[in-house]
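Architecture at a glance
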Amino acid sequence: MLNDFGCSCPVYIACGYTDLRRGIDGLASLVQQQFQMDPFQRALFLFCGRRRDRIKALYWEGDGFLLLYKRLESGSFQWPRNGVEVQQLSAQQYRWLMEGLSVEQPKAHRPVEGLSMK
């Protein structure tokens, strides 16, 4: 289900380690207090444990929270470990993450900005 999450909403990942013993209230509190974000917005929040073989996802459906849990049988997620920050992912970065790749692909083409025809 997480691989094919069909929402055009923003996707945020909590970089670093998260204690996955937390439930809905604990993860929503983390989003609100540590990241100063609204857990009730239509966004997918992803959290990863120390072993990097399981993730939890929190999503507000408008009338309640959806909590998803995924454990890989082999391999691990290439999770950014740069401290206790939140990072927004593009749709492509989200696909890379779910496929076991790093969200930062050094050989990927980057969007070009600030061009003009003179």
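Residues numbered from 1 in each chain as written. Predicted model: local features only at pLDDT ≥ 70, side-chain atom pairs only at ≥ 80, totals over all residues. Heavy atoms only, no water.

Once that is clear, we can look at the overall build of the protein chain. When you go through the protein chain residue by residue, the secondary structure sums to 2 helices and 5 strands. In the protein chain, the succession of helices and strands from N to C terminus is β-α-β-β-β-β-α. Out of the 118 residues in the protein chain, the part that is buried amounts to 38%. Surface summary for the protein chain: the accessible area is close to 7,500 Å², and the carbon and sulfur share equals 48%. (Helix = DSSP H or I, 4+ residues; strand = E, 2+ residues; numbered from the N terminus. Buried < 20%, exposed > 50% of the residue type's maximum accessible area, 1.4 Å probe, protein only. Areas by Shrake-Rupley, 256 points an atom, 1.4 Å probe, with all protein chains shown as cover.)

Counted according to the given criterion, the structure contains 4 aromatic pairs. Seen in terms of ring centroids, Y12 and F45 are 5.5 Å apart; in terms of plane orientation they differ by 20°. Their pairing is stacked. Pair noted here: Y12 is in strand β1 (residues 11–14) and F45 is in strand β2 (residues 44–48), with a separation of 33 residues, a long-range link. For F45, a relative accessible area of 2% corresponds to the buried category. (Phe/Tyr/Trp six-rings, centres within 6.5 Å; stacked < 30°, edge-to-face > 60°.)

Here we come to the environment of L67. Secondary-structure assignment places L67 in strand β4 (residues 65–71). For the pair L67 and L44, spaced 23 residues apart in sequence, the C-alpha to C-alpha distance is 10.0 Å. Among all residues touching L67, those that are not within four sequence positions of it are G23, I24, L27, K56, A57 and L58. (Contact = heavy atoms within 4.5 Å.)

By the secondary structure assignment, Q87 is in strand β5 (residues 86–89). Setting aside residues no more than four positions away along its own chain, Q87 makes contact with V11, Y12, I13, C15, P80, Q93, V103 and E104.

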